Amino acid sequence: MPEGESLARFQDLYWSSYFRMADLAKDLKEKGKVDIEYGSVPMILASFSERSEQAYKAMLSNFIKNGHFESEWLDSNDLNSIFPGINPKVRGGLCIPQLQVEPYKYTLGLGMAAEEMGA
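In what follows, the accompanying structure is described.

Tracing the backbone through its elements, the reader meets S52 in helix α2 (residues 50-65). Among the residues examined, S52 registers a relative accessible area of 19% and is labelled buried. At 2.8 Å, the side chain of S52 and the side chain of S47 are in polar contact.

Further remarks concern the nonpolar core. W15, Y18, Y56, L60, F63, W73, L94 and I96 together form the largest nonpolar core, which totals eight residues. Where this core is concerned, the elements lending two or more residues are α1 (7-31), α2 and β4 (92-96). For this core, the element with the highest residue contribution is α2, accounting for three residues. If near-sequence neighbours (up to four positions away) are discounted, Y56 is found in contact with L45, A46, S47, W73 and L94. If you look at the next biggest cluster of nonpolar residues, it comprises six residues, including A25, V34, I36 and A113.

Looking now at the packing of aromatic side chains. Going through the model one piece at a time under the given rule, you end up with one aromatic pair. With a centroid separation of 5.3 Å and 80° between ring planes, the pair formed by Y18 and F19 is classed as edge-to-face.

Burial of β4 is extensive: five of the five residues sit out of reach of the surface. Across the two faces of β4 the burial is the same, with G92, L94 and I96 and G93 and C95 all buried. Pairing analysis gives five bridges linking strand β2 (residues 43-47) to β4, with the strands arranged antiparallel. Of the residues in β4, the one forming a bridge with M43 is I96. Relative to β4, strand β3 (residues 72-75) runs antiparallel, the two sharing four bridges. Bridged to E72 within β4 is C95.

Before going further, it helps to spend a moment on α2. With 16 residues, α2 should reach 22 Å at 1.5 Å per residue; the first-to-last C-alpha distance of 22 Å fits that figure. Buried within α2 we find S52, E53, Y56, L60 and F63. Each buried residue of α2 sits inside an arc of 100° when the element is viewed along its axis, so together they form one side. For α2, exposure combined with an orientation more than 90 degrees from the buried face picks out R51 and K65. Looking one or two residues past α2, G67 carries a phi angle of roughly 85°, positive in sign.

Glancing now at the sheet that holds β2. If you trace the three strands from one edge of the open sheet to the other, you get β2-β4-β3, paired in antiparallel fashion. Two strands close off the open sheet at either side, each with one partner strand: β2 and β3. Averaged over neighbouring strand pairs, the angle between their axes works out to 25° when direction is ignored.

Moving on: the side chain of E53. Tracing the sequence through the fold places E53 in helix α2. Separated by 2.9 Å, the side chains of E53 and K57 make a polar contact. Filtering out sequence-adjacent residues up to four positions away, E53 remains in contact with S47, W73 and R91.

Rules and cut-offs
- Residues numbered from 1 in each chain as written.
- Predicted model: local features only at pLDDT ≥ 70, side-chain atom pairs only at ≥ 80, totals over all residues.
- Heavy atoms only, no water.
- Helix = DSSP H or I, 4+ residues; strand = E, 2+ residues; numbered from the N terminus.
- Buried < 20%, exposed > 50% of the residue type's maximum accessible area, 1.4 Å probe, protein only.
- Polar contact = N/O pair within 3.5 Å; in protein donor to acceptor, adjacent residues only side chain to side chain.
- Core = buried A, V, L, I, M, F, W, Y, C linked by side-chain atoms within 4.5 Å.
- Contact = heavy atoms within 4.5 Å.
- Phe/Tyr/Trp six-rings, centres within 6.5 Å; stacked < 30°, edge-to-face > 60°.
- Pairing = 2+ DSSP bridges.
- Expected span 1.5 Å × (residues − 1).
- Arc of directions from axis to C-beta.
- Axes fitted to C-alpha atoms, helices over the stretch in contact; angles between N-to-C directions.

Given below as structure tokens:
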């Protein structure tokens, strides 16, 4: 991270693109005639120490403070129900939404939509 920078700027960029992606996927399907295989695959930052738990909870608090409510804290019971074989020392985890697309189809869809719009 460059000196004097904060994560806020990067978080804003991340969340801005996150909230626009569903509409973009729909537009590419309509205008570009390509299904980019848009979907959600959450990322979980697992905590195995008090220090990492505090850091992840602070990150979650920062997300919520900035209006990004999709992230959540999962306690060890939650994680065990999702991942039955998880390390028993897990304290919990920060679940952050992640979106995915099929890269080739995404690029193809952008080109097809641009062509459809006169490019």
